[in-house]
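If you want the building blocks of each chain, they are given just below.
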Amino acid sequence: EPEVTQTPSHQVTQMGQEVILRCVPISNHLYFYWYRQILGQKVEFLVSFYNNEISEKSEIFDDQFSVERPDGSNFTLKIRSTKLEDSAMYFCASATGDGNTIYFGEGSWLTVV
Amino acid sequence: EDQVTQSPEALRLQEGESSSLNCSYTVSGLRGLFWYRQDPGKGPEFLFTLYSAGEEKEKERLKATLTKKESFLHITAPKPEDSATYLCAVRISNSGYALNFGKGTSLLVTP
């Protein structure tokens, strides 16, 4: 069964450093997402990406964050100047063109120290 | 304001003891209600999408139903491997198909 893959599975970074989280969405999907889940809290929407541009973003997704689809397969989330409160599990997801089925990856656990 | 409320927060069942999880929502013009299963430290695993009141979908021991204000996830004769957190989410727009999640129901099924 096709799946969304994410790397790294776990990253520890110093406060103020830049982090890039990588994702390979399911190949025939058209929508791509990043969500995050702080430990013990609910899954929160960050951004959706369609047709090579951001289609929607939440209040969390401020200038510290950016997304890119550098080639036909990868989808990345960059966090500039990380803060302690950025520590969370970050999930990539992808969906078919009608958005009826949204599949999540296993997540990248980010720890900012 | 929370758009998605799940209850109970936690549920403990004996193996074989059927029950239901509830997800109530307050969005107007529902564009899809999603159920996911999440194991500890893992990503949400897609289960169902429901769109209109009266709709039902089944997968193994799970059946999801939808009314105008809430959805139920019925678990029939659960097994220990059904232990997980079950997440409900509603689609909050048509532009990017973003989902708004509830806090989940943590289910423990004991032998």
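For the structure itself, look to the data block above.
In what follows, the accompanying structure is described. All figures in this text were calculated on a predicted structure; none of them were measured in a lab. (Residues numbered from 1 in each chain as written. Chains lettered and ligands numbered in written order. Predicted model: local features only at pLDDT ≥ 70, side-chain atom pairs only at ≥ 80, totals over all residues. Heavy atoms only, no water.)

### Focus: the sheet that holds strand β8 (residues 75-79) of chain A
Residues and elements named next belong to chain A.
Reasoning step 1: One open sheet accounts for four strands, arranged β1-β3-β8-β7; its pairing is antiparallel. Edge positions in the sheet fall to β1 (5-7) and β7 (65-68), since each of these pairs with one other strand and no more. Taken pair by pair, the neighbouring strands of this sheet meet at an average axis angle of 20°, ignoring direction. (Pairing = 2+ DSSP bridges. Helix = DSSP H or I, 4+ residues; strand = E, 2+ residues; numbered from the N terminus. Axes fitted to C-alpha atoms, helices over the stretch in contact; angles between N-to-C directions.)

### Here we look at a negative patch on the surface
Reasoning step 1: On the surface, a cluster of negative charge is contributed by E1, E3 and E106 of chain A together with E45 of chain B.
Reasoning step 2: Tracing the chain through its elements places E45 of chain B in strand β5 (residues 45-50). (Patch = residues over 30% accessible without salt bridge, like charges linked within 9 Å, V, L, I, M, F, W, Y side chains within 5 Å. Areas by Shrake-Rupley, 256 points an atom, 1.4 Å probe, with all protein chains shown as cover. Salt bridge = Lys/Arg side-chain N within 4 Å of Asp/Glu carboxyl O. Lys, Arg positive; Asp, Glu negative; His and termini not counted. Charge placed at Lys NZ, Arg CZ, Asp CG, Glu CD.)

### Quick word on the pattern of salt bridges
Reasoning step 1: Throughout the structure, instances matching the rule amount to five salt bridges over all chains.
Reasoning step 2: Residue E44 of chain A is joined to R36 of chain A by a salt bridge in which the shortest nitrogen-to-oxygen separation is 3.1 Å.
Reasoning step 3: Among the ionic pairs, D39 of chain B bridges to R37 of chain B, the shortest N-O distance being 3.1 Å.
Reasoning step 4: Owing to a relative accessible area of 15%, R37 of chain B belongs among the buried residues under this scheme. (Buried < 20%, exposed > 50% of the residue type's maximum accessible area, 1.4 Å probe, protein only.)

### Quick notes on the interface of chain B and chain A
Reasoning step 1: With 23 residues of chain B at the interface, the matching set in chain A holds 22 residues.
Reasoning step 2: Each partner contributes to the roughly 1800 Å² buried at the junction of chain B and chain A, and carbon and sulfur atoms together form 52% of this total.
Reasoning step 3: Counting across the interface, chain B meets chain A through zero salt bridges.
Reasoning step 4: For the pair chain B and chain A, the interface holds seven residue pairs in polar contact (both at pLDDT 80 or more).
Reasoning step 5: Of all elements in the fold, only β4 (33-38), β5, β9 (84-91) and β10 (99-101) of chain B reach the threshold of two or more residues within the side of chain B that touches chain A.
Reasoning step 6: Of the residues assigned to the side of chain B that touches chain A, the class counts are 10 nonpolar, nine polar and four charged. (Contact = heavy atoms within 4.5 Å. Buried area = accessible area lost by both parts, 1.4 Å probe. Polar contact = N/O pair within 3.5 Å; in protein donor to acceptor, adjacent residues only side chain to side chain. Nonpolar A, V, L, I, M, F, W, Y, C, P; charged D, E, K, R; others polar.)

### Here's the deal with the pairing of strand β7 (residues 62-66) of chain B
All names here are of chain B.
Reasoning step 1: β7 sits mainly inside the fold: four of its five residues count as buried.
Reasoning step 2: Direction of pairing for strand β6 (residues 56-59) relative to β7: antiparallel, over a ladder of four bridges. Pairing of K59 across the sheet is with L62, part of β7.
Reasoning step 3: Remark: two residues form the turn of the hairpin made by β6 and β7, two consecutive strands paired antiparallel; E60 in that turn has positive phi of roughly 55°.
Reasoning step 4: Looking at chain direction, β7 and strand β8 (residues 70-75) are connected through five bridges and run antiparallel.

### Some details on the side chain of Q6 of chain A
Residue and element names in this part refer to chain A.
Reasoning step 1: Among the secondary structure elements, Q6 is positioned in strand β1.
Reasoning step 2: One polar contact links the side chain of Q6 to the main-chain amide nitrogen of C92, over a distance of 2.9 Å.
Reasoning step 3: A distance of 3.0 Å separates a polar side-chain atom of Q6 from the backbone nitrogen of G107.
Reasoning step 4: Ignoring sequence-local partners within four residues, the contact set of Q6 consists of R22, C23, W34, Y90, F91, C92, G105, E106, G107 and S108.

Everything listed is a geometric property; what it means functionally is a separate question.
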